[in-house]
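Secondary and tertiary structure notes
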Amino acid sequence: MELTIEDLKKELPEQDYDTLTLGEDVVAVRSLIKAKTWVKGMIQSTGKEYSEENDIVREAVLKRALYELFSFVGQESRAREKAEDCELLIESTFGPILKKDDTNASGPAVGCMINNRTNPLDRGL
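Residues numbered from 1 in each chain as written. Predicted model: local features only at pLDDT ≥ 70, side-chain atom pairs only at ≥ 80, totals over all residues. Heavy atoms only, no water.

Right, let's talk about the confidence of the model for the protein chain for a bit. On average, residues of the protein chain score 87 in pLDDT, and 81% of them reach the 70 mark or higher. In the model, residues 105–109 has pLDDT below 50 throughout and makes 0 contacts with residues more than four positions away in sequence or in other chains. (pLDDT = per-residue confidence, 0-100. Contact = heavy atoms within 4.5 Å.)

Moving on, we come to unusual backbone geometry. Positive phi, normally seen in glycine, also occurs at Leu22, with a value near 55°. Judged by its relative accessible area of 58%, Leu22 falls in the exposed class. (Buried < 20%, exposed > 50% of the residue type's maximum accessible area, 1.4 Å probe, protein only.)

To continue, consider the packing of helix α3 (residues 25–45) against helix α4 (residues 55–72). Look at α3 against α4: their axes get within 8 Å of each other, and the N-to-C directions meet at 130°. With respect to α4, the element α3 is oriented oblique. Read as a crossing pair, α3 and α4 show a hand that is right-handed. Of the residues in α4, those in contact with Val27, Ala28, Arg30, Ser31, Leu32, Lys34, Ala35, Lys36, Trp38, Val39 and Ile43 of α3 are Val57, Ala60, Val61, Arg64, Ala65, Glu68, Leu69 and Phe72. (Axes fitted to C-alpha atoms, helices over the stretch in contact; angles between N-to-C directions. Helix = DSSP H or I, 4+ residues; strand = E, 2+ residues; numbered from the N terminus. Parallel < 35°, antiparallel > 145°, perpendicular 65-115°, else oblique. Left-handed = near helix turned anticlockwise from the far one by under 90°.)

As structure tokens, this is what we get:
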């Protein structure tokens, strides 16, 4: 079952929802679309499948949508809390999220080769 703004409305008191969306459901729709896109990308970066049938995925999308709403009205500290909750939920369930600055390096070097060496401690420098 696909998440809708009705699901998002259930996460907040009516007054808070109206404040965060400035009374416009289109703001909630945009937040939910952004959240779905972000969460899908993060889950797929772990090598797992995104499905809104999964309760954890649904919870992560709702947390990220709340992040978008709090950001929209400039409540950065509350937004950051929601973003951190969302990432923690994804990572604790699906594994590490691959970020754009992550590399696929296999680890530190464990040795090197130098030709024509008589002393194994001589690095040829």
